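A closer look at the structure
Residues per chain are reported as follows:
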Amino acid sequence: SSEDGESIGANPFSQRLSMILMSKGCTFTLNTVDMKRCPDALKELAPGTQPPFLIYNGEVKTDVNKIEEFLEEKLTAPRYPCMTPKHKESNTAGNDVFQKFSAYIKNQVPAQDDHLQKNLLRSLLKLDLYLKNPLPYELCRDPKMTVSKRKFLDGDNLTLPDCNLLPKLHIINIVCCQYRGFEIPKDLQGISRYLANAEEQKAFKYTCPHSSEIILFYRDVVRKMP
């Protein structure tokens, strides 16, 4: 749900699924929902849940992880590219970054701010190291490689964990900059390269909500310091 009820709102889960569908090369229609004036039909369809959700053969799927699994299971090669990562570590890289970000921006105790920011930085540093460390396939090609040249978490193509992580990193940069005067450090070269590569991907660029939507959404989430 966006501020005007029509634009793409600041929902990383919706962007995640849109990225998967675009990366798969699917033709799909994005229907936005004004949650302030949520239609009764929608409430009856998936009571107590928030978009996004998927309807297939009359069955409603509301869990984003299950929707992702379903899309990967149904949209298979050779017609659609496989998006499951080849390295299991790619599935968990950066999986605690958004949690650390949430704790940081919701904090109301000034004395804890520095500690929570450092927790977020440590999480980002761990992700940065993963992105910079060569994966086994890279070392097979060049045993002397010390810094990875891959574009994304698992290689040079977007995979499912990228579709989960990239929308969250985008939100982190915008919200922290706006409300905390902080952004992901540019000297984290692995993340900087990762985000720059994402900007060149239509699946990311064309599914990103406008920065103003993200700022407005988090206006009531961010805790003001006393």
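Everything below is about the structure shown above.
So, here's what we can say about the structure. (Residues numbered from 1 in each chain as written. Predicted model: local features only at pLDDT ≥ 70, side-chain atom pairs only at ≥ 80, totals over all residues. Heavy atoms only, no water.)

Applying the stated criterion across every chain, the model contains 5 aromatic pairs. Considering the side-chain rings of Phe98 and Phe101, the 5.2 Å spacing of their centres and the 35 degrees angle between planes classify their relative orientation as tilted. Here the residue Phe98 and the residue Phe101 both occupy positions in helix H5 (residues 97-106), the gap between them amounting to 3 residues, near one helical turn. Each member of the pair, Phe98 as well as Phe101, carries the same accessibility label: buried. Phe101 gets classed as buried once you look at its relative accessible area, which sits at 0%. Through a chain of ring-to-ring contacts, the aromatic side chains of Phe98, Phe101, Phe217 and Tyr218 assemble into a single cluster. Directly above the aromatic system of Tyr130 lies the positively charged group of Arg150, at a separation of 5.2 Å from the ring centroid. The ring of Tyr104 is capped by Arg180, whose NZ or CZ atom sits 5.9 Å from the centre of that ring. (Phe/Tyr/Trp six-rings, centres within 6.5 Å; stacked < 30°, edge-to-face > 60°. Helix = DSSP H or I, 4+ residues; strand = E, 2+ residues; numbered from the N terminus. Buried < 20%, exposed > 50% of the residue type's maximum accessible area, 1.4 Å probe, protein only. Lys NZ or Arg CZ within 6 Å of the ring centre and 35° of its normal.)

Let us now look at the pattern of salt bridges. Under the defined criterion, the tally for this structure stands at 8 salt bridges. Residue Asp114 pairs with Lys118 through a salt bridge whose shortest N-O separation is 3.2 Å. Separated by 4 residues within a single helix, Asp114 and Lys118 lie in helix H6 (residues 110-132), roughly one turn from each other. Note on Lys118: relative accessible area 42%, which makes it partly exposed. (Salt bridge = Lys/Arg side-chain N within 4 Å of Asp/Glu carboxyl O.)

It is worth spelling out helix H11 (residues 211-218) at this point. Listing the buried residues of H11 in full gives Glu213, Ile214 and Tyr218. Projected down its long axis, H11 carries its buried residues within an arc of 120 degrees, all on one side. Contact partners of the buried residues in H11: H5 and helix H8 (160-180). (Arc of directions from axis to C-beta. Contact = heavy atoms within 4.5 Å.)

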